[in-house]
Amino acid sequence: MAKSYKSIYSALAANLLIAVTKFVAGGFSGSPSMISEGVHSLVDTINQILILYGIRQSHKPADATHPFGYGKEIYFWSFIVSILIFSLGGGISVYQGITHIIHADPPGDPTWNYVVLVLSMIFEGSSLWIAIKEFNKVRGNDTWWNAIVKSKDPSSFLVLFEDSAAVIGLAIVLVFMLIGHATGLEYMDGVASVLVGLLLIFVSAILARESRSLLMGEGIAPETKEKIKALAESDPAVTKVCNILSTYQSPEEVVLMLMIAFEPDLDTEDITDAISRLRNRIKENYRLVQFVIIQPNAID
């Protein structure tokens, strides 16, 4: 999981600095969309801290209460991050935007807002570029969406989604601020805040969906399951693989259970040797499979 550290730390540094400048600029100009952007950056900062905490917790060694380790900690904290984006980021932005539309106040001097927005787009864009490069290492030749769906490491695509939403949100605020300044329509700032909030809610829904799937016990891909089945059935002691069950304990750990029908003329010692042989072959060919449980089974 070290591959994700670079993008997470760069996003953390960028969001912390940008959040402070957005709040200062929003306070001086009285812009609700700028305050919403400040909340957005603050939430993103908290999210990166939580993801780093989840990564650290997921590396804790197995113990008596958690015999398969703490790998699912990263999935839990990723789900919490998606909820924070929805409630703190999206919810507050929409509420503040609607309030400003209903009770629009004349904006103050927007000069600092423009300065902060342009600088923020540069910093967030740099962070997004790093996140894209890091994710491309994992993506390979897959399409972006397929890579996200297949990925079992939420820390890799969480930063990508957050930075993408940040850049798009900044562009929305900049465009609507220019429109409002040029036309004198005071509610444009509020409209921008609502749109940023809806964007964050959309992003949080995608992240929550992916994190929930992993947290609930997502298994290996069907094509991988077929390959493992073929590998097991190539052993002379195996008659048939009756079933394969699996779950990701972490992005780097899979628990695999095979129910296998062995040749009927084998004795206990032969079956024990076959189980040991199969376990070693599977681990050699699939490095993510850390735990292999093989249960002898009768053919139905």
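Residues numbered from 1 in each chain as written. Predicted model: local features only at pLDDT ≥ 70, side-chain atom pairs only at ≥ 80, totals over all residues. Heavy atoms only, no water.

The protein goes by Cation diffusion facilitator family transporter in an unreviewed UniProt entry, where it is assigned to Mucilaginibacter roseus. Turning to the protein, the UniProt record has this under Subcellular location (unreviewed entry): "Membrane". (UniProt positions renumbered as here; feature names shortened; annotations may be inferred.)

Participant: Just checking my understanding: could you explain the environment of Tyr 75 for this structure?
Facilitator: Among the structural elements, Tyr 75 can be located in helix H3 (residues 73–102). Here Tyr 75 falls in the buried class, since its relative accessible area comes to 0%. Spatially, the C-alpha atom of Tyr 75 lies 6.4 Å from that of Leu 214, the residues being 139 residues apart in sequence. Ignoring sequence-local partners within four residues, the contact set of Tyr 75 consists of Lys 152, Pro 154, Ser 211, Leu 214, Leu 215, Tyr 248, Gln 249, Ser 250 and Pro 251. (Helix = DSSP H or I, 4+ residues; strand = E, 2+ residues; numbered from the N terminus. Buried < 20%, exposed > 50% of the residue type's maximum accessible area, 1.4 Å probe, protein only. Contact = heavy atoms within 4.5 Å.)

Participant: Would you explain the pairing of strand S2 (residues 253–262) in this entry?
Facilitator: If a strand is regular, its side chains alternate between the two faces of the sheet. With eight of its 10 residues buried, S2 lies for the most part within the structure. Pairing between strand S1 (residues 238–250) and S2: 10 bridges, direction antiparallel. Across the sheet, Thr 247 pairs through a bridge with Val 255, a residue of S2. In this structure, the hairpin formed by S1 and S2 is closed by a connection of two residues. Note that S2 and strand S3 (residues 289–296) share seven bridges and pair parallel. Pairing of Ile 260 across the sheet is with Pro 296, part of S3. (Pairing = 2+ DSSP bridges.)

Participant: What's the story with the packing of H3 against helix H6 (residues 154–183) in this structure? I'm lost.
Facilitator: A pair of packed helices can be characterised by two numbers: the angle between their axes and the separation between those axes. Following both chains from N to C, one finds H3 and H6 inclined at 15°, their axes separated by 10 Å at the closest point. By the angle class used here, H3 and H6 are roughly parallel. In this structure, the crossing between H3 and H6 has a hand that is left-handed. Residue-level contacts link Ile 74, Tyr 75, Ser 78, Val 81 and Ile 85 of H3 to Pro 154, Ser 155, Leu 158 and Glu 162 of H6. Looking at side-chain class alone, the contact of H3 with H6 contains six nonpolar, two polar and one charged residues. (Axes fitted to C-alpha atoms, helices over the stretch in contact; angles between N-to-C directions. Parallel < 35°, antiparallel > 145°, perpendicular 65-115°, else oblique. Left-handed = near helix turned anticlockwise from the far one by under 90°. Nonpolar A, V, L, I, M, F, W, Y, C, P; charged D, E, K, R; others polar.)

Participant: Could you clarify how one ought to interpret the packing of aromatic side chains in this entry?
Facilitator: What the rule picks out here adds up to three aromatic pairs. Pairing Tyr 53 with Trp 77 gives two aromatic rings, centres 5.3 Å apart and planes at 85°, and the pair type is edge-to-face. Pair noted here: Tyr 53 is in helix H2 (residues 32–58) and Trp 77 is in helix H3, with a separation of 24 residues, a long-range link. Where Phe 68 meets Phe 291, the ring centres are 5.0 Å apart and the plane angle is 85°; that geometry is what we call edge-to-face. Taken together, the positions of Phe 68 in the loop between H2 and H3 and Phe 291 in strand S3 put the pair 223 residues apart, joining distant regions of the chain. Phe 291 sits in the partly exposed class, given a relative accessible area of 26%. Ring pairing ties together the aromatic residues Tyr 53, Phe 76 and Trp 77, which thus form one cluster. Note that Lys 60 overlies the ring of Tyr 70, its terminal NZ or CZ placed 4.2 Å from the centroid. (Phe/Tyr/Trp six-rings, centres within 6.5 Å; stacked < 30°, edge-to-face > 60°. Lys NZ or Arg CZ within 6 Å of the ring centre and 35° of its normal.)

Participant: Can you walk me through a negative patch on the surface in this structure?
Facilitator: A grouping of Asp 265, Asp 267, Glu 269, Asp 270 and Asp 273 is seen on the molecular surface, where their side chains present a negatively charged patch. If you trace the backbone, Glu 269 turns up in helix H9 (residues 268–285). (Patch = residues over 30% accessible without salt bridge, like charges linked within 9 Å, V, L, I, M, F, W, Y side chains within 5 Å. Areas by Shrake-Rupley, 256 points an atom, 1.4 Å probe, with all protein chains shown as cover. Salt bridge = Lys/Arg side-chain N within 4 Å of Asp/Glu carboxyl O. Lys, Arg positive; Asp, Glu negative; His and termini not counted. Charge placed at Lys NZ, Arg CZ, Asp CG, Glu CD.)

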